[in-house]
Amino acid sequence: MLGYRKKSFQRACEYVQLLKTDLYNLDALLSLQELLVNEIMHAEKKIRTVRLELKSLSKSDLFIKRADSLKYRLERLRQTKYVWECFGDAIPFLYLDRFTLKHTHYNTHDFNVKQDAGFLIGKKGLDRELSILRALIDNGVPCVLTDLTNTIRYGDICVLVHDDPRFIEVKSSSTKDRRTIKQKRRLNELAKFYDEDEALGFRGMHSARRRVIPRRLVSYSNALNECIEKASKFGNGYINPEAGLHIVVLCDDTKIENILGKIDIAQPAIFSLNHAKSERQWAPLYPYTLLIEAQKALYDFIRGELYIIVLLDMKVITELITSAGYNYELNADIETPIKLFKDDPEKYILIGHLFVRCGMEVLSPKWLVETAVSGLEGFLNEME
């Protein structure tokens, strides 16, 4: 994976670094997207070729090994396409608020992930989208093709101004079918949600309100990268930047059990960043193409030669909750592991998405609890 595309990988990293330094380096913004269009389409062409060859094979034993080889290659090509889309995700996350981008990943009528747009190859209107993208960037407006990302599932172009995304639909014809009308309605629902911070019937709820993150984000991405650097020198690394947060990085054949056994942690919740990457389940979180800074470390992580585990200590987190004067219940559901309430267990919020972010984005457990408590206080005040 990426073996023959390493030069493109290096260029993508360089463009991302330029944008980190200067968000208005619009030449880098456009060049990165043109690179990603070419690389994604290159991967898609190979995916189609392998699919056709798989379909042409007979069912005899003679072709079983060939079929297994093709399936393996197909999976690696899908992973390669996904990597380029993770570079695409880096673009909106550099410009927009990471929490507000979450809403672009899900349906407006339920909590399911919105279906992606499919392949760039053969997409009607792609040339027009690129033309509009270039025109906007030439006029000083940063924007991104949404098809280059994993996270954004609405519109064709996303304008990257202020904290909230703004979408442009580029239609290749004036024909309005049921699908086009539904897409426009969903896009309008999302736009209204951003504009008014509240919407009736949004995701099936009577009234949905966009929760503003009141606490300043506390990230330990620097500690993660320090741990990665340590592992690159000594084969493995461990850092405990805050009570309840543990980072482990492996670059050699050290068994993870040997390191975990030395960590003082009472109730570990384990996050394997490699698993999320390999299973293509990273979005809508802050992308690993931004989280991991060193180019070689990112390349090794993508190829599975660098392994990252983040552990949260549930005991520390629950102690923070009780010391703040609040109550909790632990749930078996990994998506909503903590039920937070004040006095009445029926008036509560579930800590789920923020908890996952805390592990996957290497955020502060203290920040997690303070933010959740603030959210519950806001919820209780609304009910009065």
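Basis of the calculations
Residues numbered from 1 in each chain as written. Predicted model: local features only at pLDDT ≥ 70, side-chain atom pairs only at ≥ 80, totals over all residues. Heavy atoms only, no water. Pairing = 2+ DSSP bridges. Helix = DSSP H or I, 4+ residues; strand = E, 2+ residues; numbered from the N terminus. Axes fitted to C-alpha atoms, helices over the stretch in contact; angles between N-to-C directions. Salt bridge = Lys/Arg side-chain N within 4 Å of Asp/Glu carboxyl O. Buried < 20%, exposed > 50% of the residue type's maximum accessible area, 1.4 Å probe, protein only. Contact = heavy atoms within 4.5 Å. Polar contact = N/O pair within 3.5 Å; in protein donor to acceptor, adjacent residues only side chain to side chain. Phe/Tyr/Trp six-rings, centres within 6.5 Å; stacked < 30°, edge-to-face > 60°. Lys NZ or Arg CZ within 6 Å of the ring centre and 35° of its normal.

## Here's the deal with the sheet that holds strand β2 (residues 157-159)
What links the strands of a sheet is backbone hydrogen bonding, and the strands pair in either a parallel or an antiparallel sense.
Phase 1: Within the open sheet, the 3 strands sit side by side as β1-β2-β3. Their pairing is antiparallel. Whereas interior strands pair on both sides, the edge strands pair on one side only; in this sheet they are β1 (143-145) and β3 (166-168). Ignoring strand direction, the axes of neighbouring strands in this sheet form an average angle of 25°.
Phase 2: Pairing analysis gives 3 bridges linking β1 to β2, with the strands arranged antiparallel. Bridge assignment links Cys 143 to a residue of β2, and that residue is Val 159.

## Focus: the pattern of salt bridges
Phase 1: Under the defined criterion, the tally for this structure stands at 16 salt bridges.
Phase 2: A salt bridge links Glu 329 to Lys 339; the nearest nitrogen and oxygen atoms lie 3.9 Å apart. With Glu 329 in strand β10 (residues 327-330) and Lys 339 in strand β11 (residues 338-341), this residue pair connects regions lying 10 residues apart in the sequence.
Phase 3: The partly exposed category is assigned to Glu 329, whose relative accessible area is 35%.

## Examining helix α12 (residues 314-323)
An α-helical segment advances 3.6 residues per turn. Residues three or four places apart therefore align on the same side.
Phase 1: Looking only at α12, the buried set comprises Met 314, Val 316, Ile 317, Thr 318 and Ile 321.
Phase 2: Against β8 (268-272), β9 (307-313), β10, β11, α13 (353-360) and α14 (365-383) lie the buried residues of α12.
Phase 3: The opening residue of α12 is Asp 313, an N-cap whose side-chain oxygen sits 3.0 Å from the backbone nitrogen of Lys 315.
Phase 4: Where α12 terminates, the next one or two residues include Gly 325, which has phi positive at roughly 90°.

## Details of helix α11 (residues 295-302)
Phase 1: In terms of burial, α11 is largely enclosed, as 6 of its 8 residues are buried.
Phase 2: In the core, the buried residues of α11 are packed alongside α1 (6-21), α3 (64-95), α7 (221-234), α9 (273-278), α10 (288-291) and β9.
Phase 3: Looking one or two residues beyond α11, the residue adopting positive phi is Gly 304, at roughly 80°.

## Things to note about the sheet that holds strand β12 (residues 348-351)
Phase 1: On the basis of which strands lie adjacent, the open sheet formed by 3 strands has the order β10-β11-β12 and antiparallel pairing. The two strands at the open ends of the sheet, each matched to only one other strand, are β10 and β12. Neighbour to neighbour, the strand axes of the sheet diverge by 25° on average, direction disregarded.
Phase 2: Alignment of β11 against β12, held across 4 bridges, turns out to be antiparallel. Residue Leu 340 lies in a different strand from β12, and its bridge partner there is Ile 349.
Phase 3: Of the strands in this sheet, β11 and β12 touch α14, which is tilted by about 150° from β12.

## Things to note about the side chain of Glu 129
Phase 1: Positionally, Glu 129 belongs in helix α5 (residues 126-138).
Phase 2: You can call Glu 129 buried: its relative accessible area is 1%.
Phase 3: Polar contacts involving the side chain of Glu 129 include one to the side chain of Lys 123, which spans 2.9 Å.

## Focus on the packing of aromatic side chains
Phase 1: Within this structure, the stated rule accounts for 10 aromatic pairs.
Phase 2: Ring plane angle 65° and centroid distance 5.4 Å describe the contact between Tyr 288 and Phe 301, whose orientation is recorded as edge-to-face. Pair noted here: Tyr 288 is in helix α10 and Phe 301 is in helix α11, with a separation of 13 residues, a long-range link.
Phase 3: Connected via pairs of aromatic rings, a cluster forms that spans Phe 9, Trp 84, Phe 87 and Tyr 299.
Phase 4: Above the plane of the ring of Tyr 299 lies Lys 6, whose end atom (NZ or CZ) is 4.5 Å from the centre.
Phase 5: Cation over ring: Lys 114 sits above Tyr 154, and NZ or CZ is 5.0 Å from the ring centre.

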